[in-house]
Every structure is written in structure tokens, then in C-alpha cells.
Amino acid sequence: MSPEHLRLELQGITKKFPACIANDQVNFEVKPGEIHALLGENGAGKSTLVKMIYGIMQPDAGQIRWEGKNVQIDNPAMARKLGIGMVFQHFSLFESMSVLENVALGINEKGPLKDLAKRIIEVSEKYGLPLDPMRHIHTLSVGERQRVEIVRCLLQDPRLIIMDEPTSVLTPQEVDKLFVTLRSLREEGCSILYISHKLDEIKALCDRATILRAGKVVGYCDPSQESARSMAQMMVGEEIKIPAKKEGVQAGDDCLVVNNLSMSSGDVFVADLDSVSFSVKSGEIFGIAGVAGNGQNNLLSILAGERLCPDDRSILMNGRSIAHLGPQKRRKLGLAFVPEERLGHGTVPEMSLADNTVLSGHGVSDLVQMGWLRFSKAHALAKKIIEAFDVRTGGSKSEAKSLSGGNLQKFIIGRELLKNPKLLIVAQPTWGVDAGAAAAIHQALMDLRDQGCAILVVSQDLDELFAISDRIAVISNGRLSPARPSHDMSVEQVGLLMGGMFDQVDEWDEDAQR
Amino acid sequence: MIGFEVETLIAILLGVARGATPLVFAAIGELITEKSGVLNLGVEGMMLVGAVSGFITVVVTGSPILGFFAAMLAGALLSSLFAVLVLFLHTNQVASGLSLTIFGIGLSAFFGLGYIGTPIKGLQAIHISGLSDIAIIGPLVFGHDIMVYLAFVLVAATAWFLGKSRWGMILRAVGESHHAAHAIGYPVVAIRFAAILFGGAMCGLAGAYISLIYTPMWAENMTAGRGWIALALVVFATWKPGRALIGAYLFGGVTILQLNVQSLGVDVSAHLMNMLPYIATILVLVLISRDETKIRLNAPACLGKPFRAD
């Protein structure tokens, strides 16, 4: 195809940061009316690359060609003028403002708001993305928020839409709807640059793919001709051992029992917990699925002891109430906790790995004696974790924030595992972690389960939950669905539960029994 | 006898407006600054620098108009120092704001040293023949100095700007999420710089009102904590200009009232009476803005957080 017919062409794009080269001589092109995937692990440089296409950052070297002409995209307003739109990964919306205001802020035209409201309704109906312009963002679900971003994009008649990980926060049903919209846009000749690391989606949706590894293009492919496994290998550059789940392992007695737990979230924008009940047995992995913001964080902080629960009977561990105990006392009973936020919650970013080992372990190990810290022991323990879990770092003196997400997560999980916990609570164990590290973390969790530890995993990643959990429950708007064995559950069922349709799933079951 | 009482009452009410006006200017300035996501605790310092610059200008030129402009310029200049510190050097906003207040107290005392006790002619209340002479209503509605009316205009204009104008919407967006605003392509730092300058200018104006009209003289530290009251008003008014106005008048009203009650010789400790305006203002504003959701919606989510473009 001659260059005049290409919509977007990147030639030798390079972007250097003080610590690393984010993009190194990147070349690729997007044709009109194609859905082009940009594949790569976290840190491969996908986000940096699209930020340059959308004008948020400038390349250090290289040329961007738009519809056959060399262009320099100075800022997002200019990108929008050219016909480039972007749907962000972390939504670029303003919580306290209305849909209308959010759209007005994100487009170049400065017409009266009344006309804009009409156009929002028109466009949203045309593409099957219903939206009320007067509603405030904080009242919308995550899926609806994404609709706002997409509609804002479509209002400018874009010829290229960049989508950065659009499905990571959606239920499976919402993903299907999104794909229908994207395909109809493709029919109209709009190009889509689709960033994801979910290979099944890319196989289902995309026409071509460019694969990035460590800032460099390592290959182009036709996703329909590749297997998810072969694309994963291109992304990672090495064979990944995906851990196999042992089925039929005998679980023991109830370790953690949560009875009718109701508690306000303390935040008007977040759902309150509404009579949540479940139990986790020793020797099983119990998964809780759900879209973010449905009460997971509240539940986790109550289970970890960071928020205390007034009702003494609501949380039992090995038959004894722990509802009134703080985090330190719970740790002494054998509870270990890996929070979602690695920097700032799981570790103190500016402190060394050895110091961070002391912080969560001083009550349960011999790192402290008579009020004095024993640094040599802390360093020895940190080194042991680094070795046992293959954490790639400068050593036990490295600051926590200097580690990559995957390595830091391996370190945190290793730190908790080495305490030989009876109950481990993990939030988003592999969020933003590369495939190799994710496999290692999953293996470590399953090994721990086989040793008889009770494990509670809260995750938004359904593939992960199905891969490792023995039983799965779904949290939606502060309510928890009944748990079922994961082999008895389908992704569609979990999807319905994530949308809060607990009754429909029961009907489904009755149908199946008939 | 009755005529005397009415005159006293009118004098008291005119005093309320004079007490409230500087608070309105300072609170509106700080409100705009905070809506952009910047917490400037230097209000008191900027007011003092405005007060002394306005005063010196009037002594030198004899023109109150020039005095007010000089005060706005001085306030804005001082706030630009704060802006450079927090926006470009990413210093802590709370510490920088507190330093700004201490700096402003010292700076104003230094420049004002030669002017303590110098008399000036304060700005007179306007007089519209006919209207201002109407009994009771005349002086109350048409008998204030021009700045009292300007304060009302400023409140209305600010409410319109924040609620209805495109630039007001952008300002709120920057204060709500600077990362999102940056990603969409708004110049976060430039917008915050402008908001800080406006806040500085309004605080300067508030200071000049005190040294040129409220008590036409210069004395060290003469704002006497009004900057802190203005800061508190912004928060208790949940970042709404109209409520800040109510709060300022309430504070001004109770201040004047308790002074008059004291002068009548009521047997209550003067210290307790002095607390009244603070307690009354806080109570009323807490009561009218106790809806948690509304507070979350009006409070700028990025208030006090430093911004770095990736």
C-alpha cells in the first residue's frame, strides 16, 4: 500500500527517559478502517507511544506521518483537530462534574452547552451507548464512564481512535457490547489503535498487530493466524510455564468465616457492604470477582483489620472472633495480607526492602528484640525472599520504589508467604504484572494452598480467578453472591453476577437442572 | 429619643458592611485559588502587604483609587512568589503558604515603619442626592463606600464565572483532577498560576480596604487575623461564593453586635464575647452545608496536591 493511503505511519519514533528508553526506533502503520493491536507487556512502551500520537508527549526522534503528511503533534487539541481521538485507560473524567461538562471539556468546539447535549444524545443513540448528559460522573458505573469517553471521542468525527486497555474494567457482557461498537466504527472507515495484553480479545477483534518488547518492535502479525500462546511468546520473548491447577484437592475446615457483615463504606461514592457472608477453608483458594468500586476495598480493609468492625460475630478465624483485633494482632494469629496498592500500602516506597520486611514482620518474627531492630537479620530475611522468589533487584538495600511492579509484587507476596500464614488475603495479585512474574505468583499461591493455607483472592481479572481458584463468588454493589466451585461456573454467569443480576443466574441454574 | 436609636442602628449596620467587605474580597480570592487545586495559606501575609502598599500609595499620591490598584499589584506580586515555589519548584503548599504569611507580616512591618501614625483621609461613602437621603433605607442601601458594592458584584461575577462560563468550568476541572485535565490538553500550571495571582490581588485589595477605609491608618499586623477567618470561610462555605458572602456578613455582624453589647456594659467576660463571632459563623455555615455529598462535589479533589506533568 502506498504511503498516501495509510492513515498513520510512525517512522523511527524514539523516546528516552532518564532511567530507560521507553521507545526505541518504533515503526508501524495503521490503515484506514482497520483495528490495529498494539501488544506488549507492562513497561513495553505502549502507553508512552500512544501519548506521543495524541500529543501529550513529544518524541525525541522520529517522524509521525498522518494521512501521508509529516506532522508534529504539539498537544491533544491539535491531535483532535487532525482527527485523532483517545479513550484513556485511567479515565480522564472529572467525578464531580456532569457528563455534559466532561464532554465539553474534552472537545475543541466551544458551542453552547444546550446544542452539545442534543448531539451527545444523538451520537450515543446511534452507536448504542445510552447516556444521560445531565448525570454526574460519580453516579455512573465504570462501563458508563467509558461510554462517556467514547462518546466524547466520537463527537469529533475521529478517523483514528486510540483505546488504551479499554476492557480491563468491564464485565464480559460490556466487553461484547464494546466490540459491536468498535466493529461498526470499522465499517465506517474509522481506524482503531487497540492496546491490550488480553490475547483472546485481540484474536477476536483485531486485523493486524504490532508487538512491542522493551520499547522495540519485535514483530508484526495477523492475530487471526496466531494462537494466544504464540503471541504471548513474542511479547515475553521466552517460553512461559503456565501453572496447572490440581483439581480435587481435599479442602480442610473453615479457616475464615464472614457472617452477615454489613458496614458503611464511609464514602458517599462507594457502595456499602450489605450482609456479606462467606467462608474460606484451609487448603482452598477462594476467589472474589467484581468490577472495582463495588465494596472490595472496604471488605479488604475490614478483613485486614485496618477498619474495625463493631459486630463481634461477623468475622471468625479458626472459630475465634477477630472482628475487634487490629492488623498486628491478626498477623500474630497467622493472617497475612497483600494489599492492592503495592507502593504506599504494601510497602513504603522510600524505604529499603529490608526495612519493609521489618514493617510487616516485626510482630511475628525475631527481627525486633527488646525494642531494638536487628538489621542483619532483616537483611538476611530480605535476601532470602529475593532469592526464593526470583525478585530482580539490586539487593536488600534497594528502595521499594526502584523495583518494577512485577518484581515488587513478587517480593511482597514472598514476604508474606515466608511467615507461613494460616490465612492469606491477596488483592489483585497480578495486576500490572508481566506474564512471567504472574505465572510465578500463581504457582506460589497454589503451592501455599497445597500446604494447607486458606487463601482469599480478590481480583478483577476473571482469567486469573478461573485459573487458580477452587471456588468463586462475585461482589456487586456491596453484596456478595453465593460461592460456587469454579469448574461449575461460566464466564457469562460471572459476568451477569458482576452486573448485579443475582436472580438471573439462579434462573439460569434452574433451566440447566430441568 | 427614637431618632437617636435609629441613627445608632444605621451606624451599626453600616459598620457590619465595613467589617464584612475585606473578608469577602479575601475569601473570594482564596476561593478561586482553591478551586484551581492550590491551597494558599498566605492570605494574611498578602493582605498586610496590600494594606501597607495601599496606605503608602495614598500618602504619596493622595489617590485612594491608585492605592487600591497598588495593593492589588503588591498582593499579586507576593502571590507570584508562592506560585513559583509550589508550581515550578514543587514545594509543599502548606509550608510555603505559612511562610508567605510570616514573610508578609515582616515585609509590611518593614515598609510601614515610617508611616505609623501618619494620618490620611479615608475614602468617603458615596452620596447620591435624593436616594441616599431617603429615611433609613437611603443610608442602608445607598450610603456605603464603593468597595462594599464592588464586593457584591465580585461575588455575583465569581458565581457566574464558576457555574456558567467555559473558563470557570476549566478552572474547576483543573482543581478536580489535574491529571485528567493535563491528558485532555489543558495547561494546568498556567491556569493555576493565574488563579494564584487573582487570589493574591484580591487579598491585597482586602488589606487595602482595612488600611484605607475600615481604620484609615497603618499599624503593624493591623489585619489582626482576618486572613485566617477568610480562609476558614472558604472551607465552611463549601467553596460557594454566595455562602462565603453570607459567612462574611455574619461574622462582621456578630463582631459589631458584640462590641455594642460590650459597650452597653453587659456583665459577661469580654473574652467570651470576643469568641462569639467565630462560634456563630462556624455554627451557621456548618448547619447550612452539612450535606456530605454536596461537600464532596464542591471541594476541589486535587486541593493541595502537587502536579508534575509525567
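Everything numeric in this text was worked out from a predicted model, so none of it was measured.

> I'd like a rundown of the overall build of chain A, residues and numbers included.
For chain A, the count of helices and strands is 17 helices and 23 strands. For chain A, the C-alpha radius of gyration of 24 Å lies close to 24 Å, the compact-globule estimate for 514 residues. Considering only C-alpha atoms, chain A reaches an extent of 70 × 55 × 45 Å along its principal axes. The buried share of chain A, taken over its 514 residues, is 46%. Relative to all contacts within chain A whose residues are 6 or more apart in sequence, the contacts with residues 24 or more apart total 68%.

> Just give me the short version of the overall build of chain B, but keep the residues and values in it.
Within chain B, the regular secondary structure consists of 13 helices and 0 strands. Start at the N end of chain B and walk to the C end: the helices and strands fall as α-α-α-α-α-α-α-α-α-α-α-α-α. For 310 residues, the compact-globule estimate of 2.2 N^0.38 gives 19 Å, and the C-alpha radius of gyration of chain B, at 20 Å, lies within 12% of that figure. Overall, the C-alpha framework of chain B stretches about 70 × 45 × 45 Å when taken along its three principal axes. When burial is assessed residue by residue, chain B has 48% of its 310 residues classed as buried.

> Help me get a handle on the packing of helix α2 (residues 43-61) of chain B against helix α4 (residues 93-112) of chain B, residues and values and all.
Residues and elements named next belong to chain B. The geometry of α2 relative to α4 is characterised by a closest axis approach of 7 Å and an angle of 20° between their N-to-C directions. Put simply, α2 runs roughly parallel to α4. When you trace α2 past α4, the crossing you get is left-handed. On α4, the residues touching Glu44, Gly45, Met46, Leu48, Val49, Ala51, Val52 and Ile56 of α2 are Leu100, Thr101, Ile102, Phe103, Gly104, Ile105, Leu107, Ser108, Phe111 and Gly112. Class assignment of the residues belonging to the contact of α2 with α4 gives a composition of 12 nonpolar, 5 polar and 1 charged.

> A description of unusual backbone geometry should follow, citing residues and the corresponding values.
Glycine aside, negative phi is the norm for most residues, and most peptide bonds take the trans geometry. All names here are of chain A. A positive phi angle, near 50°, is found at Asp157, a position not held by glycine. Here Asp157 is to be found in the loop between α5 (142-154) and β7 (160-164). By the C-beta count within 10 Å, which is 11 here, Asp157 ends up exposed. Residues other than glycine seldom take positive phi values, yet Ser275 does so here, at roughly 35°. Inspection of the secondary structure puts Ser275 in strand β12 (residues 273-281).

> Can you explain the interface of chain B and chain A? Please cite residues and give values.
Across the contact, 17 residues belong to chain B and 19 residues belong to chain A. Listing elements by their share of the side of chain B that touches chain A, those giving two or more residues are α7 (166-176), α8 (178-184) and α13 (292-298) of chain B. Broken down by element, the residue count for the side of chain B that touches chain A peaks at 6 residues, all from α7 of chain B. Considered class by class, the residues forming the side of chain B that touches chain A number 8 nonpolar, 3 polar and 6 charged.

> Could you give an account of the domain arrangement of chain A, with specific residues and numbers?
Residue and element names in this part refer to chain A. Looking at chain A, the domain boundaries give domain 1 (3-236), domain 2 (243-334 + 421-514) and domain 3 (349-418). Each of domain 1 and domain 2 has a C-alpha centre, and these two points are 33 Å apart. Each side of the interface is counted separately: domain 1 has 11 residues, and domain 2 has 14 residues. Counting only elements with at least two residues in the side of domain 1 that touches domain 2, the list comes to α6 (172-187) and α8 (228-236). Sorting elements by how many residues they give to the side of domain 1 that touches domain 2 places α8 first, with 3 residues.

> Run through the confidence of the model for chain A, naming residues and quoting values.
Looking at chain A as a whole, its pLDDT mean stands at 86, while 94% of the residues score no less than 70. Across chain A, the element-wise mean pLDDT spans from 62 in helix α17 (residues 502-513) of chain A up to 95 in strand β20 (residues 454-458) of chain A.

> Report on the sheet that holds β12 of chain A, specifying residues and quantitative values.
Residue and element names in this part refer to chain A. Ordered by their spatial adjacency, 4 strands build an open sheet running β12-β11-β14-β15, and the pairing between neighbours is antiparallel. With partners counted over all chains shown, the strands left at the sheet margins are β12 and β15 (320-321), one partner each. Sheet topology places strand β14 (residues 315-317) next to β15; 2 bridges connect them, and they run antiparallel. Each residue of the ladder has a partner; that of Leu316, found in β15, is Ser321.

> Account for the nonpolar core, with residues named and values stated.
Counting residues in each nonpolar core, the largest one holds 227 residues, and the members touching the most others are Ile455 of chain A together with Val24 and Ala27 of chain B. No other element matches helix α9 (residues 188-214) of chain B, which puts 18 residues into this core. With near-sequence residues (within four places) excluded, Ala27 of chain B lies in contact with Ala230, Leu233, Val234, Ala244 and Ala248 of chain B.

> Give a detailed account of the pairing of strand β13 (residues 285-289) of chain A, specifying residues and quantitative values.
Residue and element names in this part refer to chain A. Most of β13 sits inside the fold, with 5 of its 5 residues counted as buried. Sheet topology places β13 next to β20; 4 bridges connect them, and they run parallel. Residue Ile288 lies in a different strand from β20, and its bridge partner there is Val458. One ladder, built from 4 bridges, connects β13 with strand β21 (residues 471-476); its direction is parallel. Note on β21: the bridge partner recorded for Gly287 is Ile472.

Here is what the cut-offs are and how they apply
Residues numbered from 1 in each chain as written. Chains lettered and ligands numbered in written order. Predicted model: local features only at pLDDT ≥ 70, side-chain atom pairs only at ≥ 80, totals over all residues. Helix = DSSP H or I, 4+ residues; strand = E, 2+ residues; numbered from the N terminus. Rg over C-alpha atoms; globule rule 2.2 N^0.38 Å. Buried ≥ 20, exposed ≤ 12 C-beta atoms within 10 Å, placed from the backbone. Contact = placed C-beta atoms within 7 Å. Axes fitted to C-alpha atoms, helices over the stretch in contact; angles between N-to-C directions. Parallel < 35°, antiparallel > 145°, perpendicular 65-115°, else oblique. Left-handed = near helix turned anticlockwise from the far one by under 90°. Nonpolar A, V, L, I, M, F, W, Y, C, P; charged D, E, K, R; others polar. Domains from an automatic or database assignment. pLDDT = per-residue confidence, 0-100. Pairing = 2+ DSSP bridges. Core = buried A, V, L, I, M, F, W, Y, C linked by C-beta atoms within 7 Å.

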